[in-house]
Amino acid sequence: MIVATTRAELAAARGGLPGTVAVVMTMGALHEGHAALLAAARTGADHVLATIFVNPLQFGPDEDFDRYPRSLDGDLAGCRAAGVDAVFAPTRDEMYPGGEPLVRVDPGPLGGILEGASRPGFFHGVLTVVLKLLHLTRPDRAYFGEKDYQQLTLVRRMVADLDVPTEIIGIPTVRDPDGLARSSRNQYLSTVERAQALALSRAVHAGSLAAAEAELAAAEAAQAGVKVDYAVLTTADLAPVPEGYHGPARLLVAAWVGTTRLIDNAPLTL
Ligand code: AMP
């Protein structure tokens, strides 16, 4: 497995991959969710390229950029075990040689709701780094998790609206046996908080918005430290659900558990 830290090394590694190439973009601290993306990529293309980069552009000034878990050695071992051909793990200066970019991808109205409402500038940062990494890795396919459903939806819109020649593939959320969605941020949770965090997965699987809200309200009332940010029912495209709508929908929630902000979502049919 090639480990590239510079653009030149990545270009050389990419040039040596004949046939189709799949990319999986991560911020590291790899877990079973990332492993599912890598496994799907492995079967979906001739070669797999993974990127590991904690993107400063998508963290707000009061967010967890400094304490975000970093475990490059373990991540490289995980990539090797997953059959990854090449990893691109650049420094901040390698990704943003001129400092933070003045020009960024505008996520449009879909970037201002839900996560975008709670984290201003978040999706400008996400889409900017995703577009840069798509240009640098030139993949035929790119795999993203449904865990970050709004991100997946926006990446799909970006490649469609900006004519990026990459197929975007969504992978269902990988959960612990008790339902908690795997997340690098689960490392922040104490044992008590981890039990409290189960309210999110119970909510998204509650079957209706009212039941989800009841689940979260009960957790908030019973558990000091649990604070709901949003619980929303949308169409599969993240649009408001029209009166009398029948079809695919999505329940999305975000909540604070202690000092950790968690998100979850699940599909349902109305
Ligand atoms: P991250 O490292 O958190 O930026 O995530 C990198 C990619 O892995 C994104 O496409 C995420 O949506 C995806 N991902 C993270 N957690 C999970 C999970 N539990 N199940 C499936 N995909 C996930």
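Analysis parameters
Residues numbered from 1 in each chain as written. Predicted model: local features only at pLDDT ≥ 70, side-chain atom pairs only at ≥ 80, totals over all residues. Heavy atoms only, no water. pLDDT = per-residue confidence, 0-100. Helix = DSSP H or I, 4+ residues; strand = E, 2+ residues; numbered from the N terminus. Near = heavy atom within 4 Å. Areas by Shrake-Rupley, 256 points an atom, 1.4 Å probe, with all protein chains shown as cover. Nonpolar A, V, L, I, M, F, W, Y, C, P; charged D, E, K, R; others polar. Buried < 20%, exposed > 50% of the residue type's maximum accessible area, 1.4 Å probe, protein only. Domains from an automatic or database assignment. Contact = heavy atoms within 4.5 Å. Buried area = accessible area lost by both parts, 1.4 Å probe. Salt bridge = Lys/Arg side-chain N within 4 Å of Asp/Glu carboxyl O. Pairing = 2+ DSSP bridges. Axes fitted to C-alpha atoms, helices over the stretch in contact; angles between N-to-C directions.

Colleague: Run through the confidence of the model for the protein chain, naming residues and quoting values.
Modeller: Summary statistics for the protein chain give a mean pLDDT of 97 and a share of 100% for residues scoring 70 or more. The lowest-confidence element of the protein chain is helix α9 (residues 209–222), averaging 96 in pLDDT; the highest-confidence one is strand β5 (residues 141–145), averaging 99.

Colleague: Tell me about the site of the ligand, and name the residues and values.
Modeller: Residues in close proximity to the ligand total 17 residues, the closest being M27, H34, D148, V174 and R182. Out of a free accessible area of 490 Å², the ligand has 92% covered by protein chains. Looking at the shell around the ligand, the elements that each hand over two or more residues are β2 (21–26), α2 (32–44) and β5. Residues belonging to the shell around the ligand are distributed by class as follows: 7 nonpolar, 7 polar and 3 charged.

Colleague: Tell me what's going on with unusual backbone geometry, and back it up with residues and numbers.
Modeller: The phi dihedral of D163 is positive, around 55°, even though this residue is not glycine. With a phi angle near 70°, L238 is a residue other than glycine that sits in the positive phi range. By the element assignment, L238 lies in the loop between β7 (226–235) and β8 (248–257). A residue is classified by how much of its surface remains accessible, and L238, at 4% relative accessible area, is buried.

Colleague: Could you give me a rundown of the domain arrangement of the protein chain, with the residues and numbers involved?
Modeller: Assigned domains within the protein chain: domain 1 (2–171) and domain 2 (184–265). Summarising the inter-unit geometry, the C-alpha centres of domain 1 and domain 2 are found 25 Å apart. On the side of domain 2, 18 residues touch domain 1, which itself brings 21 residues to the contact. Between domain 1 and domain 2 lies a buried interface of about 1700 Å² when both sides are counted; carbon and sulfur atoms form 49% of it. When the buried surface of domain 1 facing domain 2 is broken down by residue, R67, L114 and Y149 rank first, second and third, together holding 36% of it. Joining domain 1 to domain 2, the criterion identifies 3 salt bridges. Elements with a minimum of two residues in the side of domain 1 that touches domain 2: α5 (115–118) and α7 (149–161). It is α7 that provides the largest number of residues to the side of domain 1 that touches domain 2, a total of 3 residues. Among the residues forming the side of domain 1 that touches domain 2, the class breakdown is 8 nonpolar, 6 polar and 7 charged.

Colleague: Give me the sheet that holds strand β4 (residues 86–88): which residues, what numbers.
Modeller: Across a sheet, strands are paired by hydrogen bonds formed along the backbone, either parallel or antiparallel in direction. The 6 strands lie next to each other as β1-β4-β3-β2-β5-β6, forming an open sheet whose pairing is parallel. This sheet does not close on itself; its edge strands, each paired only once, are β1 (2–4) and β6 (167–171). Recorded for the sheet is a direction-independent mean angle of 25° between the axes of neighbouring strands. In this sheet, β6 lies alongside β5 in parallel orientation, the contact comprising 5 bridges. For Y143, the partnering residue across the bridge sits in β6 and is I169. Here helix α1 (residues 7–15) sits on the sheet in contact with β1, β2, β3 (47–52) and β4, set at roughly 145° to β1.

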